[in-house]
Every structure is written in structure tokens, then in C-alpha cells.
Amino acid sequence: MITPVLLCGGSGTRLWPLSRKSYPKQFSPLIGDESLFQASARRLAGDGYAAPVVVTADAFRFIVTEQLAEAGIAPGAVLIEPAGRDTAPAVLAAALHLFASDPDGVMLVAPSDHVIPDTAAFNATVQAALPAVRDGRLVTFGISPDRPETGYGYLELAAAPTDDLTPLPLKAFVEKPDAETAQGMLDEGRYLWNAGIFLFSVRAIVAAYRSFAPDMVTAVQGALDGAQSDLGFTRLAADHWDAAPAISIDYAVMEKADNLSVVPFAGRWSDLGDWAAVWRETQDGGLSLSGPATALDCDNTLLRSEVEGQAIVGIGLTDIVAIAMPDAVLIAHKDRTQDVKQAVAALKQKKAPQAEAFPKDHRPWGWFESLVVGDRFQVKRIVVHPGAALSLQSHHHRSEHWIVVQGTAKVTVDDEIKLISENQSVYIPLGAVHRMENPGKVPMVLIEVQTGSYLGEDDIIRYEDVYART
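Note that the coordinates shown come from a computational prediction; the quantities given were computed from them, not determined experimentally.

A count of helical and extended segments in the protein gives 11 helices and 28 strands. With respect to the principal axes defined by its C-alpha atoms, the protein has extents near 75 × 60 × 40 Å. For the protein, the proportion of contacts with a sequence separation of at least 24, taken over those separated by at least 6, is 69%. About 20700 Å² of surface is accessible on the protein, with carbon and sulfur atoms providing 51% of the total. Charged side chains in the protein number 39 positive and 59 negative. The centres of these two groups are separated by 3 Å.

All right, on to the pattern of salt bridges then. Two side chains carrying opposite charge are able to pair once their charged atoms lie near each other. Tallied over the full model, the rule gives 28 salt bridges. In this structure, the salt-bridge partner of Arg-203 is Asp-104, at a minimum N-O distance of 2.9 Å. Residue Arg-203 is located in helix α6 (residues 202-212), and its partner Asp-104 is located in the loop between α3 (87-99) and β4 (106-111); the two are separated by 99 residues in the primary sequence. What makes Arg-203 partly exposed here is its relative accessible area of 41%. Between Arg-147 and Asp-146 there is a salt bridge; the shortest N-O distance is 3.1 Å. By relative accessible area, which is 22% here, Arg-147 ends up partly exposed. Residues joined by salt bridges that share partners form a network here, namely Asp-58, Arg-61, Asp-230 and Arg-235.

The subject of this paragraph is the sheet that holds strand β17 (residues 329-333). If you trace the 4 strands from one edge of the open sheet to the other, you get β12-β14-β16-β17, paired in mixed fashion. This sheet does not close on itself; its edge strands, each paired only once, are β12 (287-290) and β17. The sheet shows a mean angle of 5° between the axes of neighbouring strands, direction not considered. Strands β12, β14 (301-305), β16 (320-324) and β17 of the sheet are contacted by helix α10 (residues 275-282), whose axis makes an angle of about 95° with β14.

Our focus in this paragraph is the layout of surface pockets. Here the second largest pocket is characterised by a volume of approximately 900 Å³. Within the residue set of the lining of the second largest pocket, elements represented by two or more residues are α2 (61-70), β18 (360-363), β19 (366-374) and β20 (377-384). For the lining of the second largest pocket, the per-class residue count stands at 15 nonpolar, 7 polar and 13 charged.

So, on to α6. All of the buried residues in α6 are Val-202, Ala-204, Ile-205, Val-206, Ala-208 and Tyr-209. Where α6 is buried, its residues touch α3, β4, β5 (138-143), β8 (191-201), α7 (214-225) and α9 (249-254).

The subject of this paragraph is the packing of aromatic side chains. For the structure on display, the rule yields 12 aromatic pairs. An aromatic cluster of three or more residues is present, and its members are Tyr-23, Phe-27, Phe-37, Phe-60 and Phe-358. Directly above the aromatic system of Phe-99 lies the positively charged group of Arg-210, at a separation of 5.4 Å from the ring centroid. Here the basic side chain of Lys-380 rests over the ring of Phe-368, its NZ or CZ set 4.1 Å away from the ring centre.

As a further point, take the nonpolar core. In this structure, Leu-108, Phe-141, Ile-197, Leu-199 and Trp-275 are the most contacted members of the largest nonpolar core, which totals 86 residues. Per-element accounting of this core gives the leading share, 6 residues, to helix α4 (residues 119-134). Non-local contacts of Ile-197, meaning those with residues more than four positions away in its chain, are made with Leu-108, Val-109, Ala-110, Pro-111, His-114, Ile-116, Phe-122, Val-139, Thr-140, Phe-141 and Trp-269. If you look at the next biggest cluster of nonpolar residues, it comprises 49 residues, including Leu-7, Ile-205, Val-206 and Ala-219.

Right, let's get into the packing of α6 against α7. The geometry of α6 relative to α7 is characterised by a closest axis approach of 5 Å and an angle of 120° between their N-to-C directions. By the criterion of interaxial angle, the relationship of α6 to α7 is oblique. Counting all contacts with α6, which are made through Tyr-209, Arg-210, Ser-211 and Phe-212, the residues of α7 involved are Pro-214, Met-216 and Val-217. Residue composition of the contact of α6 with α7, by class: 5 nonpolar, 1 polar and 1 charged.

This paragraph deals with a nonpolar patch on the surface. Taken together, the side chains of Leu-296, Val-313 and Ile-315 define a hydrophobic patch exposed on the protein surface, amounting to about 290 Å² of accessible area. Relative to the helices and strands, Leu-296 is located in strand β13 (residues 293-296).

Counted under the stated rule, the structure contains 1 cavity of 30 Å³ or more. Within this model, the largest cavity holds a volume of roughly 40 Å³. Lining the largest cavity are Arg-43, Leu-44, Ala-110, Pro-111, His-114, Ile-116, Phe-122 and Ile-197. For the lining of the largest cavity, the per-class residue count stands at 6 nonpolar, 1 polar and 1 charged.

This part is about the packing of α3 against α6. Taken N-terminus to C-terminus, the directions of α3 and α6 make an angle of 130°; their axes are 9 Å apart at the nearest point. The pairing of α3 with α6 is recorded here as oblique in orientation. Where α3 crosses over α6, the handedness of that crossing is left-handed. Here α3 contributes Thr-87, Ala-88, Val-91, Leu-92, Ala-95, Leu-96, Leu-98 and Phe-99 to the contact with α6, which in turn contributes Val-202, Arg-203, Ile-205, Val-206, Tyr-209 and Arg-210.

Here we have 6 strands laid out as an open sheet, ordered β18-β19-β20-β27-β22-β25, and antiparallel in their pairing. Of all strands in the sheet, those bounded by a partner on one side alone are β18 and β25 (425-428). Sheet twist, expressed as the mean angle between neighbouring strand axes with direction ignored, is 20°. Sheet topology places β20 next to strand β27 (residues 444-452); 8 bridges connect them, and they run antiparallel.

Relative to the elements of secondary structure, Gln-26 occurs in the loop between β1 (2-8) and α1 (36-43). According to the relative accessible area criterion, Gln-26 is buried, its value standing at 1%. Dropping the residues within four chain positions of it, Gln-26 is found in contact with Cys-8, Gly-9, Gly-10, Ser-35, Leu-36, Phe-37, Gln-67, Ser-112 and Asp-113.

All right, on to the environment of Ala-345 then. Mapped onto the elements, Ala-345 comes out in helix α11 (residues 340-349). The exposure class assigned to Ala-345 is partly exposed, which follows from its relative accessible area of 45%.

The rules we used
Residues numbered from 1 in each chain as written. Predicted model: local features only at pLDDT ≥ 70, side-chain atom pairs only at ≥ 80, totals over all residues. Heavy atoms only, no water. Helix = DSSP H or I, 4+ residues; strand = E, 2+ residues; numbered from the N terminus. Contact = heavy atoms within 4.5 Å. Areas by Shrake-Rupley, 256 points an atom, 1.4 Å probe, with all protein chains shown as cover. Lys, Arg positive; Asp, Glu negative; His and termini not counted. Charge placed at Lys NZ, Arg CZ, Asp CG, Glu CD. Salt bridge = Lys/Arg side-chain N within 4 Å of Asp/Glu carboxyl O. Buried < 20%, exposed > 50% of the residue type's maximum accessible area, 1.4 Å probe, protein only. Pairing = 2+ DSSP bridges. Axes fitted to C-alpha atoms, helices over the stretch in contact; angles between N-to-C directions. 1 Å grid on protein atoms, 1.4 Å probe; cavity = no way out; pocket = protein on both sides within 12 Å on 5 of 7 lines; lining within 4 Å. Points joined across faces, edges and corners; volume = space filled by probe spheres on them. Nonpolar A, V, L, I, M, F, W, Y, C, P; charged D, E, K, R; others polar. Phe/Tyr/Trp six-rings, centres within 6.5 Å; stacked < 30°, edge-to-face > 60°. Lys NZ or Arg CZ within 6 Å of the ring centre and 35° of its normal. Core = buried A, V, L, I, M, F, W, Y, C linked by side-chain atoms within 4.5 Å. Parallel < 35°, antiparallel > 145°, perpendicular 65-115°, else oblique. Patch = residues over 30% accessible without salt bridge, like charges linked within 9 Å, V, L, I, M, F, W, Y side chains within 5 Å. Left-handed = near helix turned anticlockwise from the far one by under 90°.

Here you go:
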């Protein structure tokens, strides 16, 4: 059995404004109806695969379990990183976790935000790599390039790959090239894109870390030994984890090892690194339209609206990307989409909330979004999952009105508990201890009107919380 290890702690800033620090691209349905994370989990499920190990950040732990449940996949473990440390510590944490129970097991490490449409072809490639893994090799997967791409690192082979999926020795890792170098590598035929997907035995990769990054092994093993179980998650110990360097697995281990093999994958693959990549994967006749989007006399253009009830229309556009969100709009030339991260940096410098905060604030019980914010008032839409409950809480500076528009809410206000149905409302006075729950089997939706001198999310005192938040 192969244990998938799904890495999902990145921020994906080049896909702003859809992807942000608080809700990065892997959790969004960029292509199709399910998220990239769900598609990745499905691709590595079924015959031959064990339950996945997921390595993620604290802020995403409930999103991970919710989306896996929607996909019908139960995780083997969810490891919570106290802080982002790039891929090397994350992979090592998963490897040491698996080593404790099955040191001779096989693990497949994959980012959770890649697109690989042909699942059967990819799994055949994985199977072709297993003989090399049994021989103690560390296997990486290279993508056959179809263009001179400057946004990817490359894998250099000694000779051009064949079509028989034979594992080949790796000659060298190559950093992201300029356009002229990329064209030369494409013409030469000995170079593959580095997909950042790896297959190896648990024992072999732990041995490699012990050889090339022994201090990291000490730090990450300490973080595992001191880990705490929290509502089914494994929360790594921060004091040890902080001692691990922030470095990629390529730099920490792969570029130093002498037992590497490469298996070429000729199928379609994309890391969706920018909006131009999304356009390539979704365009039809040069146009990629998503949501209520209309294009008139446009060419090689992506139009996407993520705003409920708001249409986006392009007229006479060529090589343009336009993304409309409730709180931000991006318009860029398709050749400049790699520079979107510069726009995010500029917004952060201005302290604009749109730089990192997603308009929908996802919580373990559901989500909410602000519809209107004014002087001393705010209107929100709140969606609570079936069976979920918010914390028992109170506020110092605001009162609230709740109007149920879908489903039924079980409402606690001080000592009174009652059911509120559609078209009914309840008032929460300032300072009252209150909670809302969804006792039904469908999502409960309500409109909340806040009034008061301060409306920030930190004006909250929690008394009880099923999700163990403070």
C-alpha cells in the first residue's frame, strides 16, 4: 500500500484575488466543481492507496477535514504545522510519523494544488516507479515539457527519456531558467519539468534526512514526540518545530542524494502557478469564462466572476485576465500574471485587508461574509453546517439582530433557549451570553445585523466551544 502525503500549507499569492493567505488556492474549485485539494485526494485514493496523511496549517485544519468528508475520504492523520517551514520539514514530519508504525512502507508526496486530469495515466506512472523504490531509490516525477516555461524548475537527464516509463537516473536539478535557456532545454529533449512529486520508502527517505539534515531530524522528531492530540488532529510541538530550518526538500535532501531516479510523466499536468496557467487548462477556442461572464470579440482572454449576481463583460480584449471578487478586481495582461504577487505585496504595504483576508471567513462550523459595513453597524450573512454550533460567547461593544432566512436555528440568549425558523428573528443585547446552533439536516442561513461602537472579530469572550478554540 502506498500512503499519500498531501502538502497543503501554501498561500498561492499569484492567483490573487481568488487565492489568499486566509483561504489559498488548493481549497477553491478553480477547475470543475471540487477543490484542487479534493481532486488531489481523490486521485490518490482507491486500490493500492492507504488513507492519506495531510500536513497543513492550524488555520486550515477544519477546512481539510470538511473537504475530505465531502469527497468521502477519511484521513489517516492530519499533522498541524505550528508555522510554515517549506517542504523539507513537512515531508520529514510525515515520514517520521509513518516510520513509527511501518518503516518499510511507501509514501507518495504530492502538493495538493496540482492539476493532473488523467488519473489512470498518473497512477500507471506511480506503479512504474515502485521497482526503483524497492531498490532503495528516491524517485521524483518529471513532466514532459510542451513549451519553454520559465516558471518551473527542471530535471536534467543523461539522455532523452523513452516512452516506456522506465525510471532514469537524474543528472542534475536546474533552477528556473530565462526564456532563451528554457527554449534550448526544450529543443535538447533531456529536460523535464520538476513536478515536486516524490515516491520513496519511509526507511529510505528517513535515512537520507539523517545523512544530509541530521539537525532537522532532531527538531522534527522532537516536534512529533511532543505533539498533542487535538480533536483528532496531531498538533506538532512548536518549541521543537521552530528549530527546524525553512527549506525545500530539493535543497535539503534531493540535490545531495546519489540514489535518485526520475520517472517521466507525459500526461497533462499543471501546478496552476498563475492565471495564465488557469487559462491554459480551461480555455476553449482561446476563451476561458467562469461565472456570469460574457466575451464580445475577445481573444486569448480569461474572464471570471466570483460575485453572486454580478456579471463581468469583456469587449475587444486580447491576452487579458480579469477576475472579479466581492472586494477586489484584478485586471492584467496574460503575460504579466507571474507578477500578481507584486500587487499583493503592494496591498500589504498599504495594509489593505484584501491582500490576505478572503471575503468569506471560513470557520469550523461554517462561514460568514460581510455584506455591508458602515459607521457603527455591519450586516453579515452567516451559514452554519448541519449539526454545527458556534461557541457560547458574549460581546463588550455590540448588540446583534439575527434573522433566519433558511433552515432553523437553535438560539441561546442567557438562560433562554428557543428555536427560530425561517422569517423569524431574535435580538441579542450587548453583553448577553449567546450561541446559535443548527439542529437540522440542511445548512442554516441567517442575516446578522450588528450595531455598536466596535465591530471587530476580536470583541468576543468564549465560555464554551466544541472546537476547543480560545
